Amino acid sequence: MDLLAAHGWSSYFAQHLGADGCVPARVISEQRDRYWTVSATGELPVELSGRFRFEATFPRELPAVGDWLAVRLSPDDRMGMAIRVLPRKSVIARGTAGRPAEEQILAANVDTAFIVTTVDRDFTVRRMERYLSMIWSGGAEPVILINKVDLCADHSGLMAQTGLAFPGVAVHALSALHDHGLDSLHGYLGSARTSVMLGSSGVGKSTLLNRLTGQHLQRSGDVRAADQRGRHTTSSRQMFVLPGGGLLIDTPGLRELSLSHAASGLRRTFADIETLAAQCRFRDCRHRDEPECAVLEALDGGLLDRSHYDNFIKLLKEQDYQRRRGDPAMNARTKRRWKSMTKELRLMQEFKRGEE
Ligand code: GDP
Ligand code: ZN
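Residues numbered from 1 in each chain as written. Chains lettered and ligands numbered in written order. Predicted model: local features only at pLDDT ≥ 70, side-chain atom pairs only at ≥ 80, totals over all residues. Heavy atoms only, no water.

Chemist: How do you make sense of the coordination of the zinc ion (ligand 2) when you look at a structure like this?
Modeler: Four donors placed tetrahedrally about a metal ideally form angles of 109.5 degrees, and six donors placed octahedrally ideally form angles of 90 or 180 degrees. The zinc ion (ligand 2) binds to the protein through Cys280 (SG), Cys285 (SG), His287 (ND1) and Cys293 (SG); the donor distances cover 2.1 to 2.4 Å. Around the zinc ion (ligand 2) sit 4 donor atoms; with metal-centred angles ranging over 100 to 116°, the donor geometry is tetrahedral. All donors to the zinc ion (ligand 2) come from one chain, and their sequence spacing reads C-x4-C-x1-H-x5-C. Taken as a pair, Cys280 and His287 share a single burial class, namely buried. (Donors = N, O, S within 2.8 Å, 3.2 Å for Na, K, Ca; no water. Tetrahedral: all angles 85-135°; square planar, octahedral: opposite > 155°, others 65-115°. Buried < 20%, exposed > 50% of the residue type's maximum accessible area, 1.4 Å probe, protein only.)

Chemist: For this particular structure, what's the right way to read the pairing of strand 1 (residues 23–31)?
Modeler: In the sheet, strand 1 pairs with strand 4 (residues 68–73) via 4 bridges, with the strands oriented antiparallel. In the strand pairing of strand 4, Arg26 is matched with Trp68. The pairing of strand 1 with strand 2 (residues 34–39) spans 6 bridges and is antiparallel. Within strand 2, the position partnered with Ala25 by the bridge is Ser39. Connecting the antiparallel pair strand 1 and strand 2 is a turn made up of 2 residues, with Arg32 showing a positive phi of about 45°. (Pairing = 2+ DSSP bridges. Helix = DSSP H or I, 4+ residues; strand = E, 2+ residues; numbered from the N terminus.)

Chemist: What am I meant to see in the environment of Met1 here?
Modeler: In this fold, Met1 is placed in the segment before helix 1 (3–6). A relative accessible area of 72% means that Met1 is categorised as exposed. Between the alpha carbons of Met1 and Ser191 there is a distance of 9.9 Å; along the sequence they are 190 residues apart. Ignoring anything within four residues of it in the chain, the contact list for Met1 reads Ala6 and Ser191. (Contact = heavy atoms within 4.5 Å.)

Chemist: What is the right way to look at the pattern of salt bridges in this model?
Modeler: Any two side chains of opposite charge can pair, on the condition that their charged atoms come close. Enumeration over the complete set of coordinates arrives at 9 salt bridges. Notably, a salt bridge pairs Glu47 with Arg34, separated by 2.9 Å at the nearest N-O pair. Highlighted residues: Glu47 in strand 3 (residues 42–48) and Arg34 in strand 2, separated in sequence by 13 residues. Owing to a relative accessible area of 30%, Glu47 belongs among the partly exposed residues under this scheme. Note on Arg34: relative accessible area 16%, which makes it buried. Here Arg127 makes a salt bridge to Asp122, at a shortest N to O gap of 3.3 Å. Classification of Arg127 by relative accessible area gives partly exposed; the value is 27%. For Asp122, a relative accessible area of 10% gives the class buried. One salt-bridge network, in which partners are shared between bridges, spans Asp20, Arg72 and Arg84. (Salt bridge = Lys/Arg side-chain N within 4 Å of Asp/Glu carboxyl O.)

In short, the description is geometric, and any link to function would need to be established separately.
This is the structure:
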């Protein structure tokens, strides 16, 4: 298999590459405005073209780890200029889908998203519900991993509870520390398939990553290469190639991911409530104290689980909060854009004045 195929290149992306002489390259790590990628010939540092930077309006238009880029090579083939991001098959995003100013892509083109939890305090259906919302709305396939089963005499109750709460979602029990149950993951980590791990700090993601890569990785596994001036630069690798050929993305962004949720994912997790809500008297019913609210009626009649309802309301409130808070990253971008525009105008004026 060539390098591109080994990194997940497929006809889906090929059909979007275009015929303008660009080559494909997949982002394996990002650092401010610089990206490390893998192209057909090896690792390649890539920068955004000025036009790309200028035309990107929303954070989600910028490359993320896992993205495929259409890249123009420098004359010596040692640097690339990203011309565009090829359409994504899926994303893991922070923020709110449908509100592009607030959305930030943490990983792209992910096949499987593992939700890692444990048999102890971390285990809550509510937390899993929130991760599921996010994963579904981004188009990846969720798989729930219950880790540290060595700490629990009998985890079958937790497995059953998870299965009941999320029918159709695969659930596996593991002990990453004792190398137990990892075989069940091989099916998801096949050659050129991309996955990520999500979950609270301390649930065992690093332990699992080390087991899967078969070595003790340091967070800053360095990628070294020379840029066009011959300088050596380093960057922290964020996409790992596993011994079986699978690709595992682990970025600081994913690590810091505070749970947020996306509207469409919410809808799927709470499909039952959405169905009820269609029968509420008011279209903008918030299902809290409105008259003739079908959701509250179902709740009163015992047809709707109280904690499921509480989760739904909690998520709605948080979503409102995030919306109101605005997006500082977005404001910074707008400012930067204005700055470069005024600079260009000034240069043009000076140029014209020189001609006179
Ligand atoms: P991360 O923050 O999600 O990356 O979690 P770590 O991999 O750093 O693990 C946190 C702690 O949990 C460490 O002390 C691990 O040794 C421990 N741990 C990880 N997996 C297991 C497991 O399967 N069983 C037990 N008992 N401890 C584990
Ligand atoms: Zn209602």
